[in-house]
Amino acid sequence: MRASKCVALGILGAIVLASGTGVSAHRLDEFLQAARIAIEPNRVSLELSLTPGIAVAERVVRDIDVNGDGTLSSTEHLEYAAHVLSGVTLRIDSSLPFRLKPGRSSFPDIDALRSGDSVIQIESEAEVPALVTRVHHFV
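Summarised in this report is the structure supplied together with it. Since we're looking at a predicted model, the values are computed, not measured.

As for its position among the elements, His77 is in helix α3 (residues 74–86). A distance of 3.4 Å separates a polar side-chain atom of His77 from the backbone oxygen of Leu72. Setting aside anything within four residues of it in sequence, one finds His77 in contact with Leu72, Ser105 and Phe107.

On to the sheet that holds strand β2 (residues 43–52). Within the open sheet, the 4 strands sit side by side as β1-β2-β4-β3. Their pairing is antiparallel. Edge positions in the sheet fall to β1 (31–40) and β3 (101–106), since each of these pairs with one other strand and no more. In this sheet, neighbouring strand axes are inclined to one another by 20 degrees on average, regardless of whether the strands run parallel or antiparallel. Looking at chain direction, β1 and β2 are connected through 10 bridges and run antiparallel. Directly across from Ala38, in β2, lies its bridge partner Ser45. Across the sheet, helix α2 (residues 54–64) is in contact with β1, β2 and β4 (120–127); its angle to β2 comes to roughly 120 degrees.

Applying the stated rule across the entire model yields 1 aromatic pair. Between Tyr80 and Phe107, the aromatic rings sit 6.1 Å apart at their centres with planes inclined by 75 degrees, giving edge-to-face as the arrangement. Note that Tyr80 is positioned in helix α3 and Phe107 in the loop between β3 and α4 (110–114), a separation of 27 residues in sequence.

Attention now moves to a nonpolar patch on the surface. On the surface, Ile37, Ile39 and Phe138 cluster together to form a nonpolar patch covering roughly 270 Å² of accessible area. Here Ile39 is to be found in strand β1.

Our next topic: α2. The set of residues buried in α2 consists of Ala57, Val60, Val61 and Ile64. The buried residues of α2 occupy an angular sector of 105 degrees when projected down its axis, which confines them to one face. Residues of α2 that are exposed and point more than 90 degrees away from the buried face comprise Ala55, Arg59 and Arg62. Buried residues along α2 sit against β1, β2, α3, α4 and β4.

Relative to the assigned elements, Glu79 resides in helix α3. Sequence-wise, Glu79 and Asp65 are 14 residues apart; in three dimensions their C-alpha atoms are separated by 10.0 Å.

What counts as what
- Within any chain, residue numbers begin from 1 and follow the written order of that chain's sequence.
- In view of the model being predicted, local features appear only for residues whose pLDDT reaches at least 70, and side-chain atom pairs are presented and counted only at 80 or more, with totals across whole chains, interfaces and linings using the full set of residues.
- To get the side-chain values, take all heavy atoms of the structure and skip hydrogens and water.
- Segments assigned H or I by DSSP are reported as helices when at least four residues long, segments assigned E as strands when at least two residues long, and all are numbered from the N terminus.
- Any pair of nitrogen or oxygen atoms within 3.5 Å is treated as a polar contact; in protein, a donor-acceptor pairing is required on top of that, and neighbouring residues in sequence qualify only through side-chain atoms on both sides.
- Contacts were defined at the residue level, with two residues in contact if any of their heavy atoms lie within 4.5 Å.
- Each pair of strands is called paired provided DSSP finds at least two bridges between the two strands.
- To define axes, lines are fitted to C-alpha atoms, for helices over the stretch in contact only, and angles between the resulting N-to-C directions are given on a 0 to 180 degree scale.
- Only Phe, Tyr and Trp rings are paired, with Trp represented by its six-membered ring, and only when their centres lie within 6.5 Å; those with planes under 30 degrees apart are stacked, over 60 edge-to-face, the remainder tilted.
- Like-charged residues are merged into a patch within 9 Å and nonpolar side chains (Val, Leu, Ile, Met, Phe, Trp, Tyr) within 5 Å, provided each residue has over 30% relative accessible area and no salt bridge.
- Areas reported as accessible are Shrake-Rupley estimates using a 1.4 Å probe. Residue values count occlusion only from the protein chains shown.
- By convention in these notes, a salt bridge is any Lys or Arg side-chain nitrogen within 4 Å of a carboxyl oxygen on Asp or Glu.
- The buried label applies to any residue whose accessible area, calculated with a 1.4 Å probe on protein chains only, is under 20% of its type's maximum; exposed applies above 50%, and partly exposed to all values in between.
- Directions drawn from the helix axis to the C-beta atoms are what define this arc.

Rendered as structure tokens:
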């Protein structure tokens with residue numbers, strides 16, 4: 001009886017492992033966005049990771065490839081990064097918004113974007129006044 005339970009558990013484990021292949025990390029009809037924020041005494045850095053799902057990838061490709069030539073130029077990368085960052089507002093302690101300056105970015109090629117698993121990375125930073133040691137509110 002004990003051996004048959006081990007065999008049954010082994011088969012069940014194999015089925016679970018086999019059924020897990022090809023599972024996507026996010027829904028394919030969404031645009032997954034992740035942000036990493038680093039706060040320093042006089043600077044805030046923001047790194048965005050953008051992963052368009054396969055169902056929305058074509059729209060994202062059209063937004064980046066503005067001239068429609070089927071390749072993503074460095075100018076188009078910069079313009080798309082600036083466009084994305086224009087929708088981000090950074091405030092500290094109810095201040096006026098700080099401007100995020102685009103930094104390094106990396107874009108997969110168009111075919112990889114259309115696959116729904118590729119990540120666009122956009123880095124930016126804003127210089128802020130020196131922060132004194134106390135509680136601050138970051139928005």
